[in-house]
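Listed below, chain by chain, are the residues.
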Amino acid sequence: FLETTAYFCMKPKMGEKEVSPHSFFSIWHEFSSDFKDFWKKENKLILQERVKEAEEVCRQKKGKSLYNIRPKHDSGIVSKNCSST
């Protein structure tokens, strides 16, 4: 614990000899909560951007069709039977 507080340059409060776990973890809790909130917001924004990009790709692919659809011609047995009656 003392090595960790030294790594983060934590200094004891006025009147205390060492950094107490309560003071260290209260600050750490605030930091981790804020970080988690920002992380969620950032991931949400990234997800929205990716969805927009995917929708754009789908629109572009729908715009240019990979195959042509030709109209059906009346030919064959069924069309000949229907036209003669």
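Quantities reported herein were computed from a predicted structural model and do not represent experimental measurements.

*Asks:* Outline the side chain of Thr5, listing residues and values.
*Replies:* As for its position among the elements, Thr5 is in helix H1 (residues 2-7). Setting aside anything within four residues of it in sequence, one finds Thr5 in contact with Met10, Val19 and Phe24.

*Asks:* Any details on the environment of Thr5? Residues and values, ideally.
*Replies:* With a relative accessible area of 5%, Thr5 lands in the buried category. Taking the C-alpha atoms as reference points, Thr5 and Ser20, separated by 15 residues in sequence, lie 9.5 Å from one another.

*Asks:* Tell me about the packing of aromatic side chains, residues and numbers included.
*Replies:* Applying the stated criterion across every chain, the model contains 10 aromatic pairs. On the basis of an interplanar angle of 90 degrees and a centroid distance of 5.6 Å, the ring pair of Phe1 and Phe24 is categorised as edge-to-face. Of this pair, Phe1 sits in the segment before H1 while Phe24 sits in helix H2 (residues 21-63), and the two are 23 residues apart along the sequence. Exposure remark for Phe1: the relative accessible area of 39% places this residue in the partly exposed category. Phe24 gets classed as buried once you look at its relative accessible area, which sits at 5%. For the ring pair Phe24 and Phe25, a centre distance of 5.1 Å and an interplane angle of 80 degrees mean the geometry is edge-to-face.

*Asks:* Pulling in residues and values, what's your account of a nonpolar patch on the surface?
*Replies:* Taken together, the side chains of Phe1, Leu2, Tyr7, Phe8, Phe25, Trp28, Phe31, Phe35 and Trp39 make up a nonpolar region of the molecular surface, amounting to roughly 1,100 Å² of accessible area. Elements with a minimum of two residues in the nonpolar patch: H1 and H2. Counting through the fold element by element, Phe35 comes out in helix H2.

*Asks:* Explain the confidence of the model for the protein chain residue by residue, including any values.
*Replies:* Of all residues in the protein chain, 76% have pLDDT values of 70 or greater, and the mean over the chain is 82. In the model of the protein chain, helix H3 (residues 77-84) stands out as the element of lowest mean pLDDT, 60, in contrast to H2, which has the highest, 91.

*Asks:* Any chance you could break down the pattern of salt bridges for me, citing the residues and the numbers?
*Replies:* Across all of its chains, the model carries 2 salt bridges by this definition. The salt bridge partner of Arg59 is Glu55, with a shortest N-O separation of 4.0 Å. Of this pair, Arg59 and Glu55 both sit in helix H2, separated by 4 residues, roughly a single helical turn. Looking at Glu55, the relative accessible area reads 40%, which means it is partly exposed.

*Asks:* Could you give me a rundown of unusual backbone geometry, with the residues and numbers involved?
*Replies:* You will see that Cys9, though not glycine, has its phi angle at about 55 degrees, which is positive. For Cys9, the position within the fold is in the loop between H1 and H2. Residue classification places Cys9 among the exposed residues on the basis of a relative accessible area of 62%.

Conventions used here
- Residues numbered from 1 in each chain as written.
- Predicted model: local features only at pLDDT ≥ 70, side-chain atom pairs only at ≥ 80, totals over all residues.
- Heavy atoms only, no water.
- Helix = DSSP H or I, 4+ residues; strand = E, 2+ residues; numbered from the N terminus.
- Contact = heavy atoms within 4.5 Å.
- Buried < 20%, exposed > 50% of the residue type's maximum accessible area, 1.4 Å probe, protein only.
- Phe/Tyr/Trp six-rings, centres within 6.5 Å; stacked < 30°, edge-to-face > 60°.
- Patch = residues over 30% accessible without salt bridge, like charges linked within 9 Å, V, L, I, M, F, W, Y side chains within 5 Å.
- Areas by Shrake-Rupley, 256 points an atom, 1.4 Å probe, with all protein chains shown as cover.
- Salt bridge = Lys/Arg side-chain N within 4 Å of Asp/Glu carboxyl O.
- pLDDT = per-residue confidence, 0-100.

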